[in-house]
Structures are given as structure tokens and as C-alpha cells.
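A closer look at the structure
Next come the chains, spelled out residue by residue.
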Amino acid sequence: MRKEFDEMVAAGELPGAIAGVVRDGKILDWVVVGMQDIAKGTPLTEDSIFRLYSMSKPITSVAIMMLAEQGKLSIDDPATRFLPEFEAMHVYVGGEFDDMQTEPVRRPITIRDLLTHSSGLTYPFKGATPVHQYYRQYGVQRATPIGRMPDDAPPASSLDELIARLGKAPLLYQPGKQFEYSFSTTVLGAIVARAGEESLDRFLERHIFAPLGMTDTGFFIEDKDLNRFVTNYMATGSGIAPIETPEESDYRDHHRLLDGGGALAGTARDYLRFAQMIANNGTLDGVRILSEQSIDAMLTPHVTGFDITFQPIPFGYGFALGDATSDANDSQPEGTASWAGSANTYFWADRRTRTVALLMTHVLTMPERMLHVRQIFNRTAKTFLAK
């Protein structure tokens with residue numbers, strides 16, 4: 001594993017990486033290579049803090065299941081129970097952006113739809129349909145260096161403002177019709193805040209991060225921690241180039257939009273603890289976060305989603321579920337629960353063997369050729385575990 005990642009760093013494909021495999025709480029392999037910031041010559045360390053991006057989604061999905069266990073919501077509840085902004089939603093059925101035809105939703109979006117990305121919502125960068133054009137034209141997005149175009153309308157400044165804009169936007173599909181990767185988990189974060197009766201950052205800290213000992217995970221980077229926050233990079237035709245430094249990052253802004261679908265940051269060790277909790281059926285070091293029944297529900301196939309190579313794969317509540325096909329192409333081992341982030345962070349958890357594999361990098365998966373980093377990691381981890 002070290003050889004693979006050392007070679008990618010030396011070739012200018014990666015700034016740096018932390019990769020590890022843990023079984024039943026014992027570290028079997030742990031590799032730290034490369035730089036936290038190339039220009040400054042700052043090496044990556046165990047304590048470096050990464051942008052988790054969409055690896056925030058499994059955490060927010062767990063928060064929803066915790067609230068279900070507490071009786072504060074049901075996953076079959078309509079989203080409108082907590083989000084009146086969604087009362088009059090319509091679905092795109094045809095026409096161009098300036099002349100869109102829509103129809104009313106046939107049934108409300110449910111929390112279950114949001115957990116499975118079957119809500120009909122989308123992301124502005126996921127396509128070029130009139131619905132995606134609407135998202136860009138009316139600022140149905142948050143401030144992020146990923147996917148925004150110079151002529152897009154100003155993004156929402158708060159979670160409540162984004163929810164209001166989503167409530168007015170046309171849906172791409174009828175609720176429950178099909179998987180569409182989307183703002184669904186962002187909406188779940190708003191439901192966590194309203195059902196839990198506290199801000200999303202406070203709920204996650206009190207109910208997940210503190211109990212699991214995830215001391216460096218959250219929505220904000222304080223000045224004292226800037227020296228540990230990685231510079232973010234993107235692949236170009238001539239190597240990799242920085243797109244966001246710690247000093248200019250919106251993670252420093254305590255008024256930033258709290259997106260439970262893509263705005264957390266944390267260390268490799270912190271996320272390893274979360275993934276171990278999943279592999280241990282909801283518990284870690286004597287602390288129970290979720291019941292085994294809730295973990296079962298999350299890791300049961302409910303729809304067909306996609307894996308890290310965008311091939312079809314079973315999807316549960318917030319997790320992709322590895323099958324024989326994904327195992328064969330090294331995109332996810334069979335029988336594991338997984339998800340990834342746009343800066344090439346990635347993990348999987350296997351409840352059968354209580355094994356977790358974790359990869360943390362800080363170079364965007366766009367262009368898609370960068371996805372091979374995760375496949376190399378999976379192939380190496382699988383070979384290592386087979387021995």
C-alpha cells in the first residue's frame with residue numbers, strides 16, 4: 001500500500017494520502033505519505049484535517065436513525081412534517097427551461113426517500129436538464145468550489161434558505177421513482193435540526209462525535225487548527241493544482257451553511273472510529289450509538305444506486321452495499337457498506353469480519369480518471385487481507 005501511494009505522490013498524481021485497514025479494533029496496516037501542502041512543503045500527518053464532503057452523508061443518515069429510535073420521527077414520515085416549505089412541490093415533465101411543464105407530486109417526499117436518494121431532488125452539477133438549469137439560475141446550491149459556475153446565481157447562505165429554495169424548485173422525478181444523487185442528505189440535516197430541536201452541528205457533536213471520541217470532526221476549522229487543515233487540489237493536464245487553501249476556506253466561517261450532505265471536516269482517526277462503530281453493529285468501546293436493528297435497516301438494499309465508478313450497486317440508507325460485481329472491478333468489496341467524498345476520501349466497513357478500510361486524500365475526483373485512486377486502494381487492501 002505504501003509503495004502504491006508513494007509512487008502516485010512522486011508522479012504528481014496525489015498530494016498525499018492516509019490509508020489503513022483495521023480488523024476488530026486492531027490496526028493491520030496504516031500508511032501516511034506525501035504532503036498536506038505542496039508549496040509550503042508541509043508533510044501530511046496523523047492529525048491532518050480533511051474535507052469529508054460526501055462522507056458527511058453516512059453520519060447525517062445515522063443521526064436520522066437515532067431520532068427514529070428516540071421516537072421523534074419515523075422514516076415513513078412525509079418530509080412536510082418538519083419542512084412545510086415542501087408542501088406544494090411539482091415535478092418536471094417536459095419543455096425547455098423558459099417553458100417548463102410540471103405536475104404536482106403524486107405523494108409527498110418521505111424521510112425514507114431522502115435516505116435512499118429517491119426524493120426527486122438532484123444536484124446542480126449532476127446534469128444539464130432544465131431542472132439543473134433552474135438550480136443554477138435560482139441559486140439552489142451552497143457556496144463550494146465544487147461544481148459552481150461563474151454565472152450561477154448567488155448560493156443560499158443558510159440551511160433554511162436552501163430548504164426554501166428546494167421547496168420552490170421542480171423535482172427531477174416523482175418521489176420514490178428512482179435513485180438520483182442529490183441534496184437529499186442535506187435535507188435530512190435540516191430534519192435532524194428541526195426534529196432534534198437544536199442546530200445540526202450541536203446535534204452531531206452531542207450525539208455522535210463526543211460519544212465516539214471524534215474530537216476533530218465538525219463544520220468549522222478554528223484558527224488554532226489551520227496548520228492541520230489540508231490544502232485542496234484538483235487534477236489538471238500537467239499534474240495537480242491547489243483550488244482552496246486553509247486560509248481562504250469557508251470552513252473558517254461560523255455562519256456557513258451547515259450541509260449534512262457535504263460540509264464536515266475531520267481527521268482519518270476520527271472517521272475510522274465512526275466506521276468502526278458501523279462495523280461493530282452500532283457500538284464502539286462500550287458506547288452504543290445505534291441499535292443493531294437500525295444498522296440492519298441501513299445496510300439492507302432498498303434501491304439501486306451507484307458505486308465509486310458509477311456502476312449500479314445496491315444502496316441502503318446512506319450507504320452503498322458491495323456486491324459480486326463491485327468486488328470484481330475493485331470498486332467495493334462484496335458484503336461491505338461504503339461511501340466516499342469528492343476529495344477522494346473513501347471508506348468501507350464489513351460487519352462480518354469487523355473490518356474497516358479507510359482512505360483519506362485531498363485531490364478532487366474530477367476529472368473522473370482520479371477515481372482509480374480508490375480502486376487501487378481497494379485492490380491493495382483486498383490483496384493484503386487475503387494474506
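In the block above lies the structure referred to throughout.
Throughout what follows, the structure given in this document is the object of discussion. (Residues numbered from 1 in each chain as written. Predicted model: local features only at pLDDT ≥ 70, side-chain atom pairs only at ≥ 80, totals over all residues. Heavy atoms only, no water.)

**Some points on the overall build of the protein chain**
Selection criterion: Helix and strand definitions here come from DSSP, where helices need a minimum of 4 consecutive H or I residues and strands a minimum of 2 consecutive E residues; each element is numbered from the N-terminal end. In this description the radius of gyration comes from C-alpha coordinates, and the expected globular size is given by 2.2 Å times residues to the power 0.38. Here's how the labels work: a residue is buried when its accessible area is under 20% of the maximum for its type, exposed when over 50%, partly exposed in between, all with a 1.4 Å probe on protein chains only. Every residue pair with non-hydrogen atoms within 4.5 Å of one another is taken to be in contact. Neither His nor the chain termini are counted; the positive set is Lys and Arg, and the negative set is Asp and Glu. Charge coordinates come from a single atom per side chain, which is NZ of Lys, CZ of Arg, CG of Asp or CD of Glu.
What the protein chain contains, in helices and strands, is 11 helices and 17 strands. Taken against the 2.2 N^0.38 rule, which gives 21 Å for 387 residues, the C-alpha radius of gyration of the protein chain at 20 Å falls within 12% of a compact globule. Seen along its three principal axes, the alpha-carbon backbone of the protein chain occupies a region of about 55 × 45 × 40 Å. Burial status across the protein chain gives 58% buried among its 387 residues. By sequence separation, contacts in the protein chain at least 24 residues apart represent 65% of the contacts at least 6 residues apart. If the 37 positive side-chain charges of the protein chain are averaged to one point and the 49 negative ones to another, these points end up 3 Å apart.

**Notes on the packing of helix 2 (residues 57-69) against helix 7 (residues 200-212)**
Defined as follows: Only the contacting stretch of a helix is used when fitting its axis, a line to C-alpha atoms as for every element, and angles between N-to-C directions run 0 to 180 degrees. If an angle is under 35 degrees, it is roughly parallel; if it is over 145, roughly antiparallel; if it lies from 65 to 115, roughly perpendicular; otherwise it is oblique. All amino acids are sorted into three groups, where Ala, Val, Leu, Ile, Met, Phe, Trp, Tyr, Cys and Pro are nonpolar, Asp, Glu, Lys and Arg are charged, and the leftover types, Gly among them, are polar.
It is the contact of helix 2 with helix 7, at a shortest axis distance of 11 Å, that shows an interaxial angle of 90 degrees. Our classification of the angle between helix 2 and helix 7 gives roughly perpendicular. On helix 7, the residues that touch Ile59, Val62, Ala63, Met66 and Leu67 of helix 2 are Phe203, Leu204, His207, Ile208 and Phe209. Class assignment of the residues belonging to the contact of helix 2 with helix 7 gives a composition of nine nonpolar, one polar and no charged.

**Overview of the environment of Asp113**
Looking at where Asp113 falls in the secondary structure, it is placed in helix 3 (residues 111-115). Under the relative-accessibility criterion, Asp113 is labelled buried at 5%. Taking the C-alpha atoms as reference points, Asp113 and Pro175, separated by 62 residues in sequence, lie 6.8 Å from one another. In contact with Asp113, not counting residues within four places along its chain, are Arg107, Pro108, Ser118, Ser119, Pro175 and Gly176.

**Some thoughts on the pattern of salt bridges**
Think of it this way: side chains of opposite charge can pair up when their charged atoms draw near. In plain terms, the rule: One side-chain nitrogen of Lys or Arg within 4 Å of one carboxyl oxygen of Asp or Glu is enough to make a salt bridge.
This structure, assessed with the given rule, holds 26 salt bridges. Across the pair Lys3 and Glu7 runs a salt bridge, and its minimum N-O distance is 2.7 Å. Pair noted here: Lys3 and Glu7 are both in helix 1 (residues 2-10), with a separation of four residues, about one helical turn. Among the residues examined, Lys3 registers a relative accessible area of 58% and is labelled exposed. Since its relative accessible area comes to 42%, Glu7 is described here as partly exposed. Ionic pairing is found between Arg142 and Asp259, a salt bridge with its closest N-O pair at 2.7 Å. Taken as a pair, Arg142 in the loop between helix 4 (130-137) and helix 5 (159-168) and Asp259 in the loop between strand 8 (239-244) and strand 9 (265-267) lie far apart in primary sequence, 117 residues in all. This pair shows no difference in class: Arg142 is buried, exactly as Asp259 is.

**A short note on unusual backbone geometry**
Here Asn281, not a glycine, exhibits a phi torsion of approximately 60 degrees, which is positive. One can find Asn281 in the loop between helix 8 (268-279) and strand 10 (283-284). Look at Asn281 and you get buried, because its relative accessible area is 17%. With a phi angle near 55 degrees, Arg354 is a residue other than glycine that sits in the positive phi range. Overall, Arg354 belongs to the partly exposed group, its relative accessible area being 37%.

**Topic: the nonpolar core**
Grouped burial of nonpolar side chains is what soluble globular proteins tend to show. The cut-off we apply is this: Side-chain atoms within 4.5 Å are what join buried Ala, Val, Leu, Ile, Met, Phe, Trp, Tyr and Cys residues into a set we call a nonpolar core.
Core analysis: the biggest nonpolar cluster contains 93 residues, and Val62, Leu166, Ile191, Leu204, Ile208 and Phe274 have the highest contact counts within it. Residues within four places of Ile191 in sequence aside, it is in contact with Ile64, Leu73, Ala79, Phe82, Leu83, Ile111, Leu114 and Gly196. Of all hydrophobic cores here, the second largest spans 23 residues; its members include Ala235, Leu359, Ile376 and Phe377.

**Description of the side chain of Ser61**
Within the element layout of this structure, Ser61 appears in helix 2. When near neighbours in sequence (up to four residues on either side) are disregarded, Ser61 contacts Leu115, Thr185, Leu188, Met298, Tyr317 and Gly318.

**Thoughts on the packing of aromatic side chains**
Keep this limit in mind: Pairs were defined over the aromatic rings of Phe, Tyr and Trp, the Trp ring being its six-membered one, requiring ring centres within 6.5 Å. Orientation was assigned from the angle between planes: stacked under 30 degrees, edge-to-face over 60, tilted for the rest. In this scheme, Lys NZ or Arg CZ marks a charge over a ring once it lies within 6 Å of the ring centre and within 35 degrees of the ring normal.
On inspection of all chains with the given rule, the structure shows 17 aromatic pairs. Ring centres 4.7 Å apart and planes at 70 degrees place the aromatic pair Tyr123 and Phe183 in the edge-to-face group. Taken together, the residues span a long stretch of sequence, with Tyr123 in the loop between helix 3 and helix 4 and Phe183 in the loop between helix 5 and helix 6 (184-196) at a distance of 60 residues. Phe183 matches Tyr123 in its accessibility class, with the two residues each being buried. In textbook terms, an aromatic cluster arises when at least three aromatic residues are bridged by ring pairs, as seen for Tyr123, Phe125, Tyr135, Phe179, Tyr181, Phe183, Phe306, Phe310, Phe315 and Trp339. Arg256 extends its terminal NZ or CZ atom over the ring of Tyr251, reaching a point 3.9 Å from the ring centre. Geometry around Trp30 places Arg269 over its ring, the cationic atom sitting 4.5 Å from the centre.

**Observations regarding helix 7**
Formally: Expected helix span is taken as 1.5 Å per residue step, with the number of steps being one fewer than the number of residues. Fitting one axis to the seven residues ending at a residue and another to the seven starting there, the bend at that residue is the angle between the two axes.
Look at helix 7: 17 Å from first C-alpha to last across 13 residues, which is about the 18 Å you get at 1.5 Å a residue. The largest bend in helix 7 amounts to roughly 40 degrees and is located at Arg206. On its buried face, helix 7 is in contact with helix 2, helix 6, helix 8 and strand 10.

**Considering the packing of helix 1 against helix 11 (residues 372-386)**
To be explicit about the condition: Crossings are classed by handedness, with left-handed meaning an anticlockwise turn of the near helix from the far one by less than a right angle and right-handed meaning a clockwise turn.
The contact between helix 1 and helix 11 brings their axes to 10 Å, and the two run at 160 degrees. Accordingly, the angle class assigned to the pair helix 1 and helix 11 is roughly antiparallel. Here helix 1 and helix 11 pass one another in a crossing that is right-handed. Side by side, helix 1 and helix 11 meet where Glu4, Phe5 and Met8 of the first sit next to His372, Val373, Ile376, Phe377 and Thr380 of the second.

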